[in-house]
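# Structural features, examined
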Amino acid sequence: YYYPKLNLGSSHSSPRGLPSVAQDQSRIFIDGIEIFCFEGYNSVDRANRKEPNMIPLVKLIGIFMASMGITVILNPNVMKKMISYWRQGKRIYIGGLLRAVFGTIFLLSVLQARLPEVIYVLGILFLITALIIFIMGLEKAKAVLGWWDKRPLFILRIMSILVLAIGALVIYSA
């Protein structure tokens, strides 16, 4: 992002005796003293980094999420089949591992994203849900899936609209 030059005061105190604040593209000054620097966060610094480009992976995850949302909107029985698949054996732990991988990919791509705040929050949420899956244990996780399996089809459609919206937000934010 470009942080516009914003001069909120001079290097002198304001008429009310409060310190004056000035901001340039990547630094914030109060009374001429640098108090915060967005090092490595502005678009110029991000463009010069030599980190691997994770944005295509994030967009692919967003496309996957949006396509799953569309699929379940059109045929909510697909969700019932997916639930029964994840309830078999210890497959729920594979789902937890996938969530951890997705969260890690999101967090590694934050500095390259168009809307880094969105990608950061979703990455943290992916990691938290992965942790919850492993903390809950197999039986409780299967019970949660069983609860979702008993929901009416229109509830699954409503939830899939949310998944579609989040997938579209990921695609846009990446």
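Right, let's walk through the structure included here. Residue positions are given per chain, counted from 1 along the sequence in the order it is written. Given that this is a predicted model, residues contribute local features only at a pLDDT of at least 70 and side-chain atom pairs are listed and counted only at 80 or more, while totals for whole chains, interfaces and linings are drawn from all residues. Working from all heavy atoms in the structure, the side-chain values ignore hydrogens and water.

## Focus: the nonpolar core
Within soluble globular proteins, side chains that are nonpolar generally end up buried alongside one another. In plain words, nonpolar cores are sets of buried Ala, Val, Leu, Ile, Met, Phe, Trp, Tyr and Cys residues tied together by side-chain atoms within 4.5 Å. Partly exposed residues are those whose accessible area sits between 20% and 50% of the maximum for their type, while under 20% is buried and over 50% is exposed, using a 1.4 Å probe and protein chains only. The biggest cluster of nonpolar side chains holds 15 residues, and the ones touching the most others in it are Val58, Ile61, Phe106, Ile119 and Val170. Secondary structure elements with two or more residues in this core: α2 (55–74), α4 (91–108) and α5 (116–136). Ranked by the residues each element gives to this core, the list is headed by α2, at four residues. In what follows, residue pairs with any heavy atoms lying within 4.5 Å of each other are defined as contacts. If we skip the residues at most four places from it in the chain, Val170 touches Val58, Gly62, Met65, Phe106, Ile119 and Leu122. Core analysis: the next-biggest nonpolar cluster, separate from the first, contains six residues, Ile92, Leu138, Ala141 and Leu145 among them. Put simply, DSSP H or I for four residues or longer makes a helix, DSSP E for two residues or longer makes a strand, and each gets a number counted from the N terminus.

## Topic: the packing of α4 against α5
Angles shown run from 0 to 180 degrees and are taken between the N-to-C directions of axes, each axis being a line fitted to C-alpha atoms and, for helices, limited to the stretch in contact. Two elements in contact, α4 and α5, have axes whose closest approach is 8 Å; the angle formed by their N-to-C orientations is 155°. With respect to their mutual orientation, α4 and α5 come out roughly antiparallel. The hand of the α4/α5 crossing is left-handed. Contacts between α4 and α5 involve Ile92, Tyr93, Gly95, Gly96, Leu97, Arg99, Ala100, Phe102, Gly103, Thr104, Phe106 and Leu107 from the former and Ile119, Tyr120, Leu122, Gly123, Ile124, Phe126, Leu127, Thr129, Ala130, Ile133 and Phe134 from the latter. In this count, Pro and Cys sit with the nonpolar residues alongside Ala, Val, Leu, Ile, Met, Phe, Trp and Tyr, while Asp, Glu, Lys and Arg are called charged and the others, Gly among them, polar. Residue composition of the contact of α4 with α5, by class: 16 nonpolar, six polar and one charged. When an angle is under 35 degrees it counts as roughly parallel; over 145 it counts as roughly antiparallel; between 65 and 115 it counts as roughly perpendicular; any other value is oblique. Crossing chirality is assigned from the near helix's rotation relative to the far helix, an anticlockwise turn below a right angle marking it left-handed and a clockwise turn marking it right-handed.

By themselves these figures say nothing about function.
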